[in-house]
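Observations on the three-dimensional arrangement
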Amino acid sequence: MNHQMQGKICLITGGSDGIGYVASRELARMGARVVIVGRNSVKTEAAVQQIIADTDNPAVEYLLADLSSQREVRRVAAEAMELVPHLDVLLNNAGAIFLSGGRSVDGIEMTFALNHLSYYLLTNLLLEHLRKAPRARIINVSSCAHESPGRFRLEDLADPSGKGRYPAYKRSKLCNILFTYELARRLEGENITVNALHPGLVRTNIARNNGLLGRVVNFFIRVRGITPDQGAETPVYLAVSPEVEGVSGKYFVDCRPVPSIGMSYDAELAARLWDMSASLTAAGDPPAR
């Protein structure tokens, strides 16, 4: 076992499959205590047992939550804070495409609820636990899809009646980057860094919630995509590498910082998104240190 992460505690959402699973396995292989957040109990338990078997690291655990539900996000955050004394790494990875539309249990457009608001709310709820670590890292999985968001109006993001389901996914991925940059500004001078990344077109079941159409989309992703092992390289790099110690507010592709779309650097837009997200989740600002 590589002991590079010995003594570190990592929480990974969407860790039962795809790049979240690989990242969980690799961090466990390096000696970290890993807590996976999954939605399906059978699948998540199987993932944990497989990681333990593959890594000989028994310190792999899981919590269950549907992260599109704000009540579930709050519950799993509370459970995580009871389970571990602090967090060194928070990897916000859970996400999906909902091509048929729909709304979350909170009445919010489902893609936006899961892909952005869960990142926003879970991170804010766990900030004090991250502050307890000597140095902590927040990693947000975004996508190059953020580069073509189409008409981006904050007032439309949460509306489940809006048109264009794949554009909703693109907009949610832009929100991930706006959130990353805004959080980096708010945490400046603290012991926490926050960065976003594009993992590549990865062979996962990201469109599995969409019936026959989702199966067709996933087929083409599997034909053209890279492996989950390849897709996990950048999030693992951001969690582990000494090269990014103290680096914050960046967007990474292939383990390198690259520019994101120009709109993502609009600090006023990011602040407005933050305020809207706070209103939709009743989260408010993170408590000052």
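Keep in mind that this is a model prediction, so the values were computed, not measured. (Residues numbered from 1 in each chain as written. Predicted model: local features only at pLDDT ≥ 70, side-chain atom pairs only at ≥ 80, totals over all residues. Heavy atoms only, no water.)

Some words on the overall build of the chain
For clarity, the threshold we go by: Each helix is a run of H or I in the DSSP string that is no shorter than four residues. Each strand is a run of E no shorter than two, and both are numbered from the N terminus. Residue exposure (1.4 Å probe, protein chains only): buried if accessible area is under 20% of the type maximum, exposed if over 50%, otherwise partly exposed. By definition, residues are in contact when any of their heavy atoms lie within 4.5 Å. The accessible surface values rely on the Shrake-Rupley method and a 1.4 Å probe; as for residues, cover is taken only from the protein chains in view.
Each helix and strand in the chain was counted, giving 10 helices and eight strands. The proportion of buried residues among the 289 residues of the chain is 55%. Counted over contacts in the chain with a minimum sequence separation of 6, partners at least 24 positions apart contribute 76%. Here the chain has roughly 12,200 Å² of accessible surface; of this, 52% comes from carbon and sulfur atoms.

Details of the pattern of salt bridges
Note the cut-off: Criterion for a salt bridge: a side-chain nitrogen of Lys or Arg within 4 Å of a carboxyl oxygen of Asp or Glu.
Applying the stated rule across the entire model yields 15 salt bridges. We note a salt bridge from R29 to E26, for which the minimum N-O separation is 3.3 Å. Here the residue R29 and the residue E26 both occupy positions in helix α1 (residues 18–29), the gap between them amounting to three residues, near one helical turn. Exposure remark for R29: the relative accessible area of 30% places this residue in the partly exposed category. With its nearest N and O atoms 3.4 Å apart, the salt bridge here joins R153 to E155. Using a relative accessible area of 31% as the deciding quantity, one classes R153 as partly exposed. Residues participating in the shared-partner salt-bridge network are R25, E26, R29 and D229.

Some words on the sheet that holds strand β1 (residues 9–13)
The cut-off we apply is this: Pairs of strands are assigned from DSSP output, requiring at least two bridges between the strands. Angles here are taken between N-to-C directions and fall from 0 to 180 degrees, while the axes themselves are lines fitted to C-alpha atoms, restricted in helices to the stretch in contact.
Spatially, eight strands are ordered β3-β2-β1-β4-β5-β6-β7-β8 in an open sheet, and the strand pairing comes out mixed. One side of each edge strand has no neighbouring strand; the edge strands of this open sheet are β3 (60–64) and β8 (256–257). With five bridges connecting them, β1 and strand β2 (residues 33–38) associate as parallel partners. Within β2, the position partnered with L11 by the bridge is V35. Across the sheet, helix α3 (residues 70–83) touches β1, β2 and β3, and the angle it forms with β3 is around 155°.

Geometry only, nothing functional implied.
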